[in-house]
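Residues per chain, in single letters:
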Amino acid sequence: MTTTTFDEIKARQHKTWSSGDYGRVAWLTVPLAETLCAAADLRPGDKVLDVATGTGHVALAAARRFCRVTGIDYVPALLDVARRRAEAEGLDVRFREADAENLPCADGEWDVVLSAIGVMFTADHQRAADELLRVCRPGGTIAMASWTPAGFIGKLLATVGRHAPPPAGALPPTRWGTEETVRELFGDRVTGLTCTTATVQEKFANPAHFADFFLTHYGPTHMAAQRLSPDGREAFRADLIALAEENNLADDGTFAADWEYLVAVATKTVS
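What counts, and where the lines are drawn
Residues numbered from 1 in each chain as written. Predicted model: local features only at pLDDT ≥ 70, side-chain atom pairs only at ≥ 80, totals over all residues. Heavy atoms only, no water. Helix = DSSP H or I, 4+ residues; strand = E, 2+ residues; numbered from the N terminus. Rg over C-alpha atoms; globule rule 2.2 N^0.38 Å. Contact = heavy atoms within 4.5 Å. Areas by Shrake-Rupley, 256 points an atom, 1.4 Å probe, with all protein chains shown as cover. Lys, Arg positive; Asp, Glu negative; His and termini not counted. Charge placed at Lys NZ, Arg CZ, Asp CG, Glu CD. Salt bridge = Lys/Arg side-chain N within 4 Å of Asp/Glu carboxyl O. Buried < 20%, exposed > 50% of the residue type's maximum accessible area, 1.4 Å probe, protein only.

**Details of the overall build of the protein**
Working step 1: Summing up its helical and strand segments, the protein has eleven helices and seven strands in all.
Working step 2: Since a compact globule built from 271 residues should have a radius of gyration of about 18 Å, the 18 Å found for the protein is in line with a globular shape.
Working step 3: When its C-alpha atoms are laid out on the principal axes, the protein stretches across 55 × 45 × 30 Å.
Working step 4: In the protein, the proportion of contacts linking residues at least 24 apart, taken out of those at least 6 apart, comes to 78%.
Working step 5: Carbon and sulfur atoms form 50% of the exposed surface of the protein, whose accessible area is close to 11,800 Å².
Working step 6: If the 27 positive side-chain charges of the protein are averaged to one point and the 36 negative ones to another, these points end up 4 Å apart.

See the structure below:
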C-alpha cells in the first residue's frame, strides 16, 4: 500500500463524512463518550486530546470532568457544532481542524489521548496508531471505543460494502474493534492493554425508520446510496430493513438493538 493510495482513500472518506448530516447520527453515540472517559479514569487537570472528535461528545465529557481538553477533526462543519455545544454549556474546550494521521501536536504533549468511533475510520491504521502514541506522554493513557465486526454497526458496514464495495486497499474500520488488531497496531509501545466489550441500545420507530434515517444522515450509507442506480438503492434499503428486523429486540413494532463496541485502554510505555 503506497502513501498515494492511502491519500486517495482518505480523500474519499473525507467526502463521505462531510455528506449527509452526521451531527444527527452522532446523537446516538453520546453514551459511548461517558463510558470511554470513565474507562480512561480521567482526573481533573489532565491534558486530554480527543482525536476525530466529530461533534465533540468525548471532548465535552472530558471537560465536564475538569480536564484541559482539545478536540480535533477534519470536517469543519462538525467542529462548528462542537464549538456551539461547548459554548452552550460554558465549557472551555479548544477545537481544531486537523487530520488524525498527522496530528499538529508535539511529541508527548498529552496526558490522555482518546477517540470514540473516530480513529477507526482513518485510511492508514498504522499511521493513525503511531500518531496516537507519539503525542501521548510516556506513562500516559490511550483509550478508544470502536465498533466491533460482529456487532450491529459492523454488520451495517458489511452491508454497505456488499452494495458499494470500498476502493481497493481500503482497510475495514472494524479492525479496530478487535483486541488482536489493537495489540498489533500498538505492539510493545504500550503496557497494561485491556479490551472489553460494551453495548449501547438504540431505538427507532420501526426498521424502515432506521433504514431511512441512516440513508439520509449517515455518511457511509448516504454516499453508498448515491453511487447506486434507483433499483440498487431500493435493494440496499431493503437489506438495511432486513438487517434491522434480524437484530430487533422489540416486540411492539418498533426497532431496538444493542450496538456492540470495544473499549481499549492502554498505558504508553516509559522508555
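On we go from here.
**A closer look at the pattern of salt bridges**
Working step 1: Applying the stated criterion to the full structure yields 13 salt bridges.
Working step 2: The residue Arg 64 makes a salt bridge to Glu 34 at a minimum N-O spacing of 3.4 Å. Separated by 30 residues along the polypeptide, Arg 64 in the loop between helix 4 (57-63) and strand 2 (68-73) and Glu 34 in helix 3 (residues 30-39) bring together distant segments of the chain.
Working step 3: Its relative accessible area of 34% is what places Arg 64 among the partly exposed residues.
Working step 4: What makes Glu 34 partly exposed here is its relative accessible area of 34%.
Working step 5: A salt bridge links Glu 131 to Arg 134; its shortest N-O distance comes to 2.7 Å. A residue pair is termed a helical-turn pair when its members lie 3 or 4 positions apart in one helix, as Glu 131 and Arg 134 do in helix 6 (residues 125-135) at three residues.
Working step 6: The exposure class of Glu 131 is buried, given its relative accessible area of 10%.
Working step 7: Given the relative accessible area of 25%, Arg 134 is considered partly exposed.

**A look at the environment of Ala 100**
Working step 1: Inspection of the secondary structure puts Ala 100 in the loop between strand 3 (93-97) and strand 4 (110-116).
Working step 2: Judged by relative accessible area, Ala 100 falls into the buried class, the value being 9%.
Working step 3: Along the primary structure Ala 100 and Ile 72 are separated by 28 residues, whereas in three dimensions their C-alpha atoms are 7.7 Å apart.
Working step 4: Apart from residues no more than four positions distant in its own chain, Ala 100 is found in contact with Val 51, Ile 72, Thr 122, Ala 128 and Glu 131.

In short, the description is geometric, and any link to function would need to be established separately.
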